[in-house]
Amino acid sequence: MNSSPPKGTYDVIPENSSMPWRESDKWDYIEEAARECARLFGCKQIRTPIFEHLELFTRSVGESSDIVSKEMYQFEDRSQRKLVLRPEGTACAVRAAIEGRLYETPFTRLYYIGPMFRYERPQAGRFRQHQQLGVELLGSAHPQVDVEAIQMMLMFFERVGIPHLTLNINSLGTKECQKKYSAALKTYLEQHAHALSEDSKRRLITNPLRILDSKDIKDHEVLEKAPVILDLLNEEAAAHFATVKTLLEKLAIPFVINTNLVRGLDYYTHTVFEVTSSALGAQNAIGGGGRYDNLVHELGGPHLPAVGFATGLERVITTALAAQVHMPPTDPVHIVLLPMEESAQEKAFLLASILRRARIRVIIDRKSKKIVDAIHSALKIQAAFFCPLGSHELKSGYVKLKNLSTREEHEISFEDLKSFFVTGAQK
Ligand code: HAM
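Since this is a predicted model, take the numbers as computed values, not measurements.

Draft legend 1. Structural context of the sheet that holds strand β6 (residues 129-138). Reading across the sheet, the 8 strands line up as β1-β5-β6-β11-β10-β9-β7-β8 and stay open at both edges, with mixed pairing between neighbours. Strand pairing shows two members of the sheet lacking a second neighbour, β1 (44-45) and β8 (256-257), which therefore form its edges. In this sheet, strand β11 (residues 306-312) lies alongside β6 in antiparallel orientation, the contact comprising 7 bridges. Note that in β11 the partner of L137 across the bridge is V307. Most of the contacts of helix α4 (residues 90-99) go to strand β5 (residues 108-117), to which it runs at about 135°, and overall it touches β5 and β6.

Draft legend 2. View of the packing of aromatic side chains. On inspection of all chains with the given rule, the structure shows 12 aromatic pairs. Stacked on the ring of Y119, the Lys or Arg R128 has its end atom at 3.9 Å from the ring centre. Taking the ring centre of Y29 as reference, the NZ or CZ of R159 above it sits at 5.8 Å.

Draft legend 3. Up close: the site of the ligand. Surveying the vicinity of the ligand reveals 26 residues, the closest of which are E88, T90, E120, E136 and Y268. A distance of 2.6 Å separates a nitrogen atom of the ligand from a polar side-chain atom of E120. Between A285 and the ligand, the recorded distance is 2.9 Å, taken from a backbone N or O atom to an oxygen atom. For the shell around the ligand, the elements supplying multiple residues, two or more each, are β6, β10 (285-291) and β11. Looking at which element gives the most residues to the shell around the ligand, the answer is β10, with 6 residues. In the shell around the ligand, the residues fall into 9 nonpolar, 10 polar and 7 charged.

Draft legend 4. Quick look at the sheet that holds strand β4 (residues 82-85). Read across the sheet, 3 strands follow the order β2-β4-β3 without closing on themselves; strand pairing throughout is antiparallel. Only two strands of the sheet have a single neighbouring strand rather than two, namely β2 (51-53) and β3 (73-76). Going across the sheet, the axis of each strand differs from the next one's by a mean of 35°, ignoring polarity. Two elements, β2 and β4, share 3 bridges in a ladder whose sense is antiparallel. Along β4, the bridge assignment pairs E52 with V84. Here helix α2 (residues 54-62) sits on the sheet and contacts β2, β3 and β4; the angle it forms with β2, its principal contact strand, is near 75°.

Reading the values: the criteria
Residues take numbers from 1 onward in each chain, read along the sequence in its written order. With the structure being a predicted model, the display of local features is reserved for residues of pLDDT at least 70 and the display and counting of side-chain atom pairs for 80 or more, all residues being used for whole-chain, interface and lining totals. To obtain the side-chain values, all non-hydrogen atoms of the structure were used and water was disregarded. Only strands joined by at least two bridges in the DSSP assignment are considered to pair. Helix and strand assignments follow DSSP, with helices taken as H or I runs no shorter than four residues and strands as E runs no shorter than two, numbered in order from the N terminus. The contact definition used throughout considers only heavy atoms, calling two residues in contact when any of these lie within 4.5 Å. For every element, the axis is a line fit to its C-alpha atoms; helices are fit only across the contacting stretch, and the angle between N-to-C directions ranges from 0 to 180 degrees. Each Phe, Tyr or Trp ring, with Trp reduced to its six-membered ring, pairs with another whose centre is within 6.5 Å; inter-plane angles below 30 degrees give stacked pairs, above 60 give edge-to-face pairs, and intermediate values give tilted ones. Only when the NZ of Lys or the CZ of Arg is both within 6 Å of the ring centre and within 35 degrees of the ring normal is a charge said to sit over the ring. Proximity is defined per residue: any heavy atom of the residue falling within 4 Å of a molecule or strand makes that residue near it. Nitrogen and oxygen atoms within 3.5 Å of one another constitute a polar contact, given that in protein one can donate a hydrogen and the other can accept it, and given that sequence-neighbouring residues count only through two side-chain atoms. Lys, Arg, Asp and Glu make up the charged group, whereas Ala, Val, Leu, Ile, Met, Phe, Trp, Tyr, Cys and Pro make up the nonpolar group; the residues left over, Gly among them, are polar.

What follows is the structure, given as structure tokens:
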């Protein structure tokens, strides 16, 4: 049988020297950074199903979006229910918030870490199953919350250690502004339809706003003179966006206004934002988000404004590695025991049990045949201590505990081993 995973997917495993971004330690490191940032902003974790009803995404992300029209993993279960593997987390979070009546709780600030599924053409940084950290802040229309969402995403990248990112922002205004703008854009683009790419000619009929997302150079030329959404914002939307910009300046967060930034999902209103990394190549969006004031109501909940973001964790790790960020293992094994002969196996097993009950991380090396190999393995997993056990130790009741960073040796009786770690400075 072929051992490779399906196209566009990958395994996270303890060691992968050719693809270090797939190593478990890196994932633990950034997920811990994510949780730390989420807690800083008072967010609580949610876990929603991996599959949802098809309708959830057609009604939120939008029928004409690329995600819904061509990228969903859609299937029928044995009772002919139309289901999809979730392509994104916002609709799921909002559905769960409605289901759990979370808007009745004092704060509805949610975060999630988990896989999303999109049937895209795989390439560097683009997968059919990718992992997102997503954050959804429900309940306030205040522009401060837009800036909190942006700041939180940037603080996450900063906490991971990623430098030099570009924050792009735009405003899509209210749904009325979008309608007005869409019509103006359509009129303009129709006059230049002959010069558009084939894809964009199609989008001109289904959703002209999507043309702004196009990567095609032909479209870019046409778009240069296209009307700009910021010129068509109503008073309320313009004031909202002005406050967002002022607050970003007050926090000394640099940004670029990108009037072509519309994002590929239909639920956005007002502020949208995307952070790009030059280390990523073509798939350079490391995270994105925006405000979605109508979605909760559209999915059957109360009128509840909201804003959020999501970042692709594969891209976060890749960017961090490109910036030489050191992502050490969280809580590596503290001590490696090496039973050097059959008679020492049981003692090692019992000692490991005593130490683990005292919350000391222990592993027994049952593979290495020589001390040098065992020390090499212990160093590789960044263990702090190494402890060989043979007939000599069994007879004397003492072990020679080697500190792997200082190279010091401590002679300690079996009885004192636990307290050496628990009470000493060695923990
Ligand atoms: P999105 O921009 O579609 O937004 O995805 C968020 C991030 O996920 C992207 O910036 C990118 O880093 C990563 N990503 C997306 N697709 C792939 C892929 N195929 N392979 C690898 N990484 C990928 C959303 O999903 C919205 N739900 C964000 C949001 C939350 N808006 C408001 N709240």
